[in-house]
Amino acid sequence: MADNVLVTGGTGKTGRRVADLLRGRGIPARVATRSPAAADQVRFDWADADSFAGALESVRAVYMVAPTGAADPLDAMRPFIDQAIGAGVARLVLLSSSMLEEGGPLMGAVHAYLKAKAPGWTALRPSWFMQNFSEHQHVETIRTEGRIYSATQDGRVPFIDAGDIAAVAVEALLGDDFGNGDLILTGPETLSYDEVARLISASSGRPVAHHRLTLQELTSRFEAIGIPGAFAQALAGMDGAIAHGAEDRVTDTVEAVTGRKPKTFAEFVLENGPRWKL
C-alpha cells in the first residue's frame, strides 16, 4: 500500500518542517534530495527524469517546492507532475505565493496545470515568510550592517511563520477529502518593513533599520548575487506591488485548517533574537 509522503525541498524552510510534522504523526516522510545521505532521503532531481520513479515508489502524496531559480517552473516541473499522476499519487500540494494568481507567472502556471490535470491538489499561497529575516535573504545584512533592504516603501505584509505553512501543508497532504483549490495563508497582522526593523532591534538589542531602495536598485542587488535578470526584475516587482498595497490583508485560513492561531511576528522575534547577533 502506498503510504509514503514525498517532500521536495525537504531540507528547505518549509520542507524540513513538513517532514518533521509528518514523522511526528507517524507518517513516513521521504525527503527528496540530489545527494541523499540518510535513510529517510531519496535521490531526486527536477532536471533528471530518471530519478522520478524511485522517488515516487509507494508514495501517496507529494509536497512540491519549485526548483531554485527556475525561470519557468512549469516547464521544469511538468514531467514530474505527469509521472506522479500516472503513478497514482493521490494528493499533490504545491508551495506557491499569495501574489501569484492561478494562470499567472511563475508558480501561477503550475497552479493552473494542477487544476487541469491532477485528481487531488492544493496550491498553498502564503504571504512572505518570517524566516526571510532569520534564515535567508535579510539575515546577513541585519547581522553585518544593521539593515533590511527592500523596495516595499510603506507597504504592509502579513508575514507568516514557515511552521504555520507546514502545518497547513500536512493537513492538505493527508486529507483525502481535503478538497481541491488554493489557500491564501497569512500571519495574524500586517506590518511594514519599518515596523519589522523596530521589532528585530528590540529583540536583538542592536539597531536595525529598513533601507528603502528603488525597484531598479533592488533588481541590481538581486543580479549581483547571481539571480538572472528577468527573474530579478520579477522579484523586485513583487516589492513594488507590496508598496502599492497588494499584501495588506489577513486571512483566517491557518486557524481554520489547523485549529490554532498563527504565530505573531513578536513571538517570532522573541524566539530568534540570537540569530541577529554577531
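Being a predicted model, the structure only gives us computed values, none of them experimental. (Residues numbered from 1 in each chain as written. Predicted model: local features only at pLDDT ≥ 70, side-chain atom pairs only at ≥ 80, totals over all residues. Heavy atoms only, no water.)

Trainee: Explain the packing of aromatic side chains to me, using residue names and the numbers behind them.
Mentor: Summed over the entire model, instances satisfying the criterion amount to 12 aromatic pairs. Between Trp-46 and Phe-80, the aromatic rings sit 5.2 Å apart at their centres with planes inclined by 85 degrees, giving edge-to-face as the arrangement. Remark: Phe-80 occurs in helix α3 (residues 73–86) and Trp-46 occurs in the loop between β3 (41–43) and α2 (52–56); sequence separation between them is 34 residues. In terms of burial, Trp-46 and Phe-80 fall into one category: buried. These aromatic residues form a ring-pair network of at least three members: Phe-133, Phe-159, Tyr-193, Phe-265, Phe-268 and Trp-276. The ring centre of Tyr-113 lies 5.5 Å from the NZ or CZ of Arg-78, which sits over that ring. (Phe/Tyr/Trp six-rings, centres within 6.5 Å; stacked < 30°, edge-to-face > 60°. Helix = DSSP H or I, 4+ residues; strand = E, 2+ residues; numbered from the N terminus. Buried < 20%, exposed > 50% of the residue type's maximum accessible area, 1.4 Å probe, protein only. Lys NZ or Arg CZ within 6 Å of the ring centre and 35° of its normal.)

Trainee: Residue-level account of the side chain of Thr-253, with values.
Mentor: Along the chain, Thr-253 falls in helix α10 (residues 253–258). For Thr-253, a relative accessible area of 15% gives the class buried. A polar contact of 3.1 Å, which involves the side chain of Thr-253, links it to the backbone oxygen of Ile-184. A distance of 3.3 Å separates polar atoms of two side chains, one belonging to Thr-253 and the other to Thr-251. Here Thr-253 is in contact with Leu-183, Ile-184 and Leu-185, once residues within four sequence places are set aside. (Polar contact = N/O pair within 3.5 Å; in protein donor to acceptor, adjacent residues only side chain to side chain. Contact = heavy atoms within 4.5 Å.)

Trainee: Give a detailed account of the packing of α3 against helix α4 (residues 107–117), specifying residues and quantitative values.
Mentor: Helix-helix packing is characterised by the crossing angle of the two axes and by the distance between the axes. As a packed pair, α3 and α4 sit with axes 9 Å apart at the nearest point and diverge in direction by 25 degrees. Taken together, the axes of α3 and α4 lie roughly parallel to each other. Seen along the crossing, α3 lies across α4 with a hand that is right-handed. Counted together, Pro-73, Leu-74, Met-77, Arg-78, Ile-81, Asp-82 and Ile-85 of α3 and Met-107, Ala-109, Val-110, Tyr-113, Leu-114 and Lys-117 of α4 form the full contact between these two elements. Of the residues belonging to the contact of α3 with α4, the class tally is 10 nonpolar, no polar and 3 charged. (Axes fitted to C-alpha atoms, helices over the stretch in contact; angles between N-to-C directions. Parallel < 35°, antiparallel > 145°, perpendicular 65-115°, else oblique. Left-handed = near helix turned anticlockwise from the far one by under 90°. Nonpolar A, V, L, I, M, F, W, Y, C, P; charged D, E, K, R; others polar.)

Trainee: Give a description of the layout of surface pockets that names residues and reports values.
Mentor: Taken as a whole, the largest pocket encloses approximately 1,900 Å³ of empty space. In terms of lining residues, the largest pocket is bounded by 49 residues, among which Lys-13, Ala-66, Thr-68, Gly-69 and His-136 are the most central. Residue assignment for the lining of the largest pocket shows that the elements contributing at least two residues are β2 (29–33), α8 (215–224) and α9 (229–243). Ranked by the residues each element gives to the lining of the largest pocket, the list is headed by α9, at 4 residues. (1 Å grid on protein atoms, 1.4 Å probe; cavity = no way out; pocket = protein on both sides within 12 Å on 5 of 7 lines; lining within 4 Å. Points joined across faces, edges and corners; volume = space filled by probe spheres on them.)

Trainee: Outline helix α6 (residues 162–174), supporting the account with residue identities and numerical values.
Mentor: The end-to-end C-alpha distance of α6, which contains 13 residues, comes to 18 Å, matching closely the 18 Å that a straight helix rising 1.5 Å per residue would cover. The set of residues buried in α6 consists of Ala-162, Gly-163, Asp-164, Ile-165, Ala-166, Ala-167, Val-168, Ala-169, Val-170, Ala-172 and Leu-173. For α6, the side-chain oxygen to backbone nitrogen distance between the N-cap and Gly-163 is 2.8 Å, and the N-cap itself is Asp-161. (Expected span 1.5 Å × (residues − 1).)

Trainee: Report on the pairing of β2, specifying residues and quantitative values.
Mentor: Of all 5 residues in β2, 5 are buried; the element is thus mostly enclosed. Burial of β2 is two-sided: the residues Ala-29, Val-31 and Thr-33 facing one way and the residues Arg-30 and Ala-32 facing the other way are all buried. Between the parallel elements strand β1 (residues 4–7) and β2, the chain passes through helix α1 (residues 15–24) in a crossover that is right-handed. Both β2 and β3 contribute to a ladder of 3 bridges, which runs parallel. Following the sheet pairing, Val-31 is matched in β3 by Gln-41. (Right-handed = clockwise from strand over helix to strand, strands pointing away. Pairing = 2+ DSSP bridges.)

Trainee: Report on α1, specifying residues and quantitative values.
Mentor: By the burial criterion, the buried members of α1 are Gly-15, Val-18, Ala-19 and Leu-22. Angularly, the buried residues of α1 cover 95 degrees about the axis, an arc narrow enough to put them on a single face. The secondary structure elements touched by the buried residues of α1 are β1, β2, β4 (59–64) and α6. Positioned one or two residues after α1, Gly-26 has a phi angle of 75 degrees, which is positive. (Arc of directions from axis to C-beta.)

Trainee: Tell me what's going on with the pattern of salt bridges, and back it up with residues and numbers.
Mentor: Tallied over the entire structure, the rule returns 19 salt bridges. In this structure, Arg-60 engages Asp-176 in a salt bridge whose closest nitrogen and oxygen atoms are separated by 2.5 Å. Separated by 116 residues along the polypeptide, Arg-60 in strand β4 and Asp-176 in the loop between α6 and β9 (181–185) bring together distant segments of the chain. According to the relative accessible area criterion, Arg-60 is buried, its value standing at 15%. In the salt-bridge network here, residues are joined through shared partners; they are Arg-16, Arg-17 and Glu-135. (Salt bridge = Lys/Arg side-chain N within 4 Å of Asp/Glu carboxyl O.)

Trainee: So what about the nonpolar core? Which residues, and what values?
Mentor: Soluble globular proteins tend to bury their nonpolar side chains together. In this structure, Met-64, Phe-80, Phe-133, Phe-159, Ile-200 and Phe-265 are the most contacted members of the largest nonpolar core, which totals 49 residues. At 5 residues, α3 tops the list of elements feeding residues into this core. In this structure, Phe-133 is in contact with His-138, Val-139, Ile-142, Ile-148, Phe-159, Tyr-193, Val-196, Ile-200, Phe-265, Phe-268 and Trp-276, ignoring residues within four places of it in sequence. (Core = buried A, V, L, I, M, F, W, Y, C linked by side-chain atoms within 4.5 Å.)

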